[in-house]
Amino acid sequence: MSNNNSQIINLIENGNRYANSLTEYSRRKTITVNIGDVPMGSDFPIRVQSMTTIDTMDTIGSVEQTIRMVESGCEYVRITAPSVKEAQNLDNIRKELRVRGYSVPLVADIHFTPNAAELAARLVEKVRINPGNYADKKRFETIDYTESSYQAELERIRDKFLPLVNICKEYGTAMRIGTNHGSLSDRILSRYGDTPLGMVESALEFLRICEDENYHNIVLSMKASNTQVMVEAYRLLCRKLNEEGLKPYPLHLGVTEAGEGEDGRIKSAVGIGTLLEDGLGDTVRVSLTEDPELEAPVAKALIDRYSNRKEKSKFIADYSSQLKFDSPINPFQYFRRTTHEVANFGGHNVPRVIADYSQIEVSEHDDLKTIGHYYLPLPDKWTMNDLGADYIYTAQNPAKFMLPMGLKEILDFSVWQEQADKINKFPLFTLETFINSSVKHESLNFLQLTLAELDEKLFSLLKSETKTVLCIYTDNAHAMPELRRFFFELIGNQITIPVVILRQYKNLPESDFQLFSATDCGGLLIDGFGDGILLKMPELSTKLELLTLSKSYNSTAFGILQAARTRMSKTEYISCPSCGRTLFDLQETTAMIRKKTEHLKGVKIGIMGCIVNGPGEMADADYGYVGVGKDKIALYRGQTVVKKSVHSDNAVNELIEIIKEDGVWFEANNE
Ligand code: SF4
């Protein structure tokens, strides 16, 4: 058994607790970390932060961008210091900010350069180091360590790291030990693999040195662009800190290379929101390939949702079938809940998207355009795009024409039973109608349930159901944990029925809807729960308003499934947010690459601003576009460079050529 697996199994055998509670909202207790005059952790509010994108040597540009970020809600501002020269200039930036009346704590971002870190630690309030590259150069080698050669490596790290620890102690400077999934050292990769446990150990190697030196002004992070890996790593970190008797350090939450626009926001919410739901996290950075001042409002919307969560929530009883376990699943490793197949739900099917048309009268073909189904009059046929919904829920208003093959209709039971065609439409039951009705669909029925409705009698009924899919919902403000608790009961009672997650929000701005639904559904999907999503729309007065909103709801549902890595329906862009190291216009380049490749469903393209941090950080991508010098781009297939230095004018075309060589390319269908 690998070292990695045996360590995870040990953790599970000792109980799988990583949060105060999986049912009641309770923020994890941490020590306080002092960062200038804005402390973090313990009872202090969850802080918002971001990073500048401008060249650090541009003092006034950095100052003005920092001010814009502060005005947009940033409480800490991180600035890259790739070498001693930039580290020194942090002093000028800081002084100018103070002259202009801004006392925001500054954080120096360090990769590879201990000398820059040691200088910055004397000048600014906090230093971020990456344990994957502080003491190691990346050679992509697998090394066979003995116990003693591994110990010798730890001694080498200690010698390199100790001067920084001593300076931080002397100057009262805080530190973030910030692991990135994509930039783990060869040593960690050789021993633990590319895993959440490797990420945690990467930070702990450095943290143990700090604890030995009695230095505790530390924040930890476990970032990845893969939301499953990121959530598992943070959970494992909490568990390991506790198990080793290390202090409960505050957590900095973030999803790296989340991308831009809707995709970037949804992906960030899936990763960050899932952890916030369980009370983990003391500061949030949302990384978008956009101007940095656009990040803070997203982070703030995610955080503000918890400001009075406890007071607004209803009581949810703990899962209690086995005393030492909080839940019947392994929260540190992704496994999809085992379900039996009912029609195209559950089993090995991807989670399904059900579009809510309960308020929309489906009277014209074009009514289905917004959910990805298009009628072409000339050949008289239907076509669909990659975001074509699988089902529509029409409730009391049956569609007025025959739906395309790829789209099925769900009606309320009372209406369904009056339909002439009961085969191609499917009924949604309440518990009462389900129990009392002798008429059911011969292959697919939906049963809407809440946690409160579960009891022994229902468990035995559900155990024998082979033609029913559950649709679970709640109006509890602490929604994700309540719905998760529902899944725990199903697992505890060996019920393998597929489940659709139903969520509805009242009076929310569309931007919050996107973030909150991504948090609630994403949190469940990350735990392996959910065989479909139904996002119900708020009440609106006109059909046009409803149709417009249905497009965004449908796209959000597909976005959530993709961000949680459970159903790929679009090209995925793993693009860095850019920083002072960036060697080209990331926003413009990302838009250009997106325009040419967005039809390549399921392909993952990494777009990184620099070579220093790029190749490792895009560990998850199929292809990569990485800045290596002014107007010079390196192109990657996986983690292998295939073109070392292509002029930026031609780099996108060359990237497409590589995709073509692999037989992955096809021309876009612009119908
Ligand atoms: S990959 Fe992007 S964000 Fe990361 S260091 Fe390079 S330019 Fe900065």
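Located above this text is the structure these notes cover.
Novice: Quick question: what am I supposed to make of the overall build of the chain here?
Specialist: Within the chain one finds 20 helices and 25 strands. In terms of overall dimensions, the chain is globule-like: its C-alpha atoms have a radius of gyration of 26 Å, near the 26 Å expected for 671 residues. In terms of its C-alpha atoms, the chain occupies a principal-axis envelope of roughly 80 × 60 × 55 Å. Within the chain, the fraction of its 671 residues that count as buried is 62%. Partitioning the contacts of the chain with sequence separation of at least 6, the portion at a separation of at least 24 is 68%.

Novice: Sorry if this is basic, but what is going on with the environment of Gln639 here?
Specialist: By the element assignment, Gln639 lies in the loop between strand E24 (632–637) and strand E25 (640–647). Judged by its relative accessible area of 34%, Gln639 is partly exposed. On a C-alpha basis, the gap between Gln639 and Asp620 in space is 8.8 Å, while along the polypeptide they are 19 residues apart.

Novice: Which parts of the structure should I look at to understand the packing of helix H10 (residues 295–304) against helix H16 (residues 510–526)?
Specialist: Between two packed helices, the angle of one axis relative to the other and the distance separating the axes together describe the packing. Close contact between H10 and H16 brings their axes to 10 Å; oriented N to C, the two are set at 55°. Of the possible angle classes, the one that applies to H10 and H16 is oblique. The crossing of H10 and H16 is right-handed. When H10 is examined against H16, the residues Val298, Ala301 and Leu302 are found in contact with a partner set consisting of Asp512, Leu515, Phe516 and Thr519. Its residues assigned to classes, the contact of H10 with H16 shows five nonpolar, one polar and one charged.

Novice: Honestly, the nonpolar core in this entry has me stumped. Any pointers?
Specialist: For soluble globular proteins, nonpolar side chains are generally found buried alongside one another. Core analysis: the biggest nonpolar cluster contains 158 residues, and Phe161, Leu462 and Leu470 have the highest contact counts within it. If sequence neighbours within four positions are ignored, Phe161 has contacts with Ile129, Tyr134, Met175, Phe206, Ile209 and Cys210. Formed by 27 residues, the second largest nonpolar core is a distinct cluster that contains Ile605, Tyr623, Tyr625 and Ile658.

Novice: Looking at this structure, how should I read the pairing of strand E6 (residues 126–129)?
Specialist: Two faces belong to every sheet, and in a regular strand the side chains alternate between them. Residues Lys126 and Arg128 point to one face of E6 and Val127 and Ile129 to the other, with burial holding for every one of them. Sheet topology note: the strand E5 (residues 106–110)/E6 ladder contains four bridges and is parallel. By the bridge assignment, Val107 is partnered in E6 with Lys126. Following the backbone out of E5, through helix H4 (residues 114–123) and into the adjacent parallel E6, one traces a crossover that is right-handed. Pairing of E6 with strand E7 (residues 174–180) involves four bridges; the strand directions are parallel. Within E7, the residue paired with Arg128 across the bridge is Arg176.

Novice: What exactly am I supposed to notice about empty space enclosed by the protein here?
Specialist: Evaluated as defined, the whole model comprises four cavities of 30 Å³ or more. Taken together, 14 residues form the lining of the second largest cavity, with Ala258, Asp263, Lys267, Gln562 and Glu572 sitting closest to its centre. At the level of secondary structure, the elements contributing two or more residues to the lining of the second largest cavity comprise helix H9 (261–277), helix H17 (543–563) and strand E21 (572–575). Partitioning the lining of the second largest cavity into residue classes produces four nonpolar, four polar and six charged.

Novice: Just checking my understanding: could you explain the pattern of salt bridges for this structure?
Specialist: Once their charged atoms are close, side chains differing in charge can pair, the charge on each being opposite to the other. Taken as a whole and assessed by the stated rule, the structure comprises 53 salt bridges. Of the charged contacts in the structure, one is a salt bridge between Asp366 and Lys369, with a shortest N-O distance of 3.9 Å. The class for Asp366 is partly exposed, based on a relative accessible area of 43%. Overall, Lys369 belongs to the partly exposed group, its relative accessible area being 40%. Bridged by salt links that share partners, the residues Asp136, Glu153, Arg156, Arg187 and Glu205 form one connected network.

Novice: How do you make sense of the sheet that holds strand E23 (residues 623–629) when you look at a structure like this?
Specialist: Neighbouring strands of a sheet are bound in pairs by backbone hydrogen bonds; such pairs are parallel or else antiparallel. The five strands are arranged E21-E22-E23-E24-E25 in an open sheet whose pairing can be described as mixed. Each end of this open sheet is capped by a strand with a single partner; those strands are E21 and E25. Strand-to-strand twist across the sheet, computed as the mean angle between neighbouring axes with direction ignored, equals 20°. Two strands pair when backbone bridges link them, and E24 and E25 are joined in this way by five bridges, in the antiparallel orientation. Each residue of the ladder has a partner; that of Leu635, found in E25, is Lys643.

Novice: Just checking my understanding: could you explain the state of the cysteines for this structure?
Specialist: Here a disulfide denotes one covalent bond, and it connects the sulfur atoms of two cysteines. All chains considered together, the criterion is met by zero disulfides. Looking at the unpaired Cys210, the closest cysteine sulfur is the one in Cys168, lying at 8.1 Å. Cys471 carries a free sulfur, and the closest cysteine sulfur to it, the one in Cys521, is 11 Å from it. In this structure Cys471 comes out as buried when scored by relative accessible area, which is 2%.

Novice: It is not clear to me how unusual backbone geometry should be interpreted in this structure. Could you clarify?
Specialist: Residues apart from glycine generally show negative phi values, whereas peptide bonds are mostly found in trans. Phi at Ala343 takes a positive value of approximately 50°, unusual for a residue other than glycine. On the secondary structure map, Ala343 appears in the loop between helix H11 (309–312) and strand E11 (352–356). Phi angles above zero are rare outside glycine, and Arg565 is one such case at about 65°.

Novice: Quick question: what am I supposed to make of the packing of H4 against helix H5 (residues 147–171) here?
Specialist: H5 packs onto H4 with a crossing angle of 5° between their chain directions and a minimal axis gap of 9 Å. Relative to H5, H4 is oriented roughly parallel. Where H4 approaches H5, its residues Pro114, Ala117, Glu118, Ala121 and Arg122 are matched on the opposing element by Lys160, Pro163, Leu164, Ile167, Cys168 and Tyr171. The class makeup of the residues in the contact of H4 with H5 is eight nonpolar, no polar and three charged.

Novice: What should I look at first to understand the layout of surface pockets in this one?
Specialist: A water-sized probe, rolled over the atoms, reveals where empty space remains. Roughly 550 Å³ of internal volume is contained in the second largest pocket. Taken together, 18 residues line the second largest pocket, and the ones lying closest to its centre are Asp475, Arg503, Gln504, Tyr505 and Lys506. Elements supplying a minimum of two residues to the lining of the second largest pocket: H11 and strand E19 (499–504). With three residues, the single largest contributor to the lining of the second largest pocket is E19. Of the residues contributing to the lining of the second largest pocket, the split by class is seven nonpolar, four polar and seven charged.

Novice: Explain the side chain of Arg27 to me, please; I cannot follow it from the model alone.
Specialist: Here Arg27 lies in the loop between helix H1 (3–13) and strand E1 (32–33). At 2.8 Å, the side chain of Arg27 forms a polar contact with the side chain of Asp282. Apart from residues no more than four positions distant in its own chain, Arg27 is found in contact with Asn20, Gly41, Ser42, Asp43, Phe44, Pro45, Ile46, Gly279, Gly281 and Asp282.

Criteria and cut-off values
Residues numbered from 1 in each chain as written. Predicted model: local features only at pLDDT ≥ 70, side-chain atom pairs only at ≥ 80, totals over all residues. Heavy atoms only, no water. Helix = DSSP H or I, 4+ residues; strand = E, 2+ residues; numbered from the N terminus. Rg over C-alpha atoms; globule rule 2.2 N^0.38 Å. Buried < 20%, exposed > 50% of the residue type's maximum accessible area, 1.4 Å probe, protein only. Contact = heavy atoms within 4.5 Å. Axes fitted to C-alpha atoms, helices over the stretch in contact; angles between N-to-C directions. Parallel < 35°, antiparallel > 145°, perpendicular 65-115°, else oblique. Left-handed = near helix turned anticlockwise from the far one by under 90°. Nonpolar A, V, L, I, M, F, W, Y, C, P; charged D, E, K, R; others polar. Core = buried A, V, L, I, M, F, W, Y, C linked by side-chain atoms within 4.5 Å. Pairing = 2+ DSSP bridges. Right-handed = clockwise from strand over helix to strand, strands pointing away. 1 Å grid on protein atoms, 1.4 Å probe; cavity = no way out; pocket = protein on both sides within 12 Å on 5 of 7 lines; lining within 4 Å. Points joined across faces, edges and corners; volume = space filled by probe spheres on them. Salt bridge = Lys/Arg side-chain N within 4 Å of Asp/Glu carboxyl O. Disulfide = S-S within 2.5 Å. Polar contact = N/O pair within 3.5 Å; in protein donor to acceptor, adjacent residues only side chain to side chain.

Geometric values such as these leave the question of function open.
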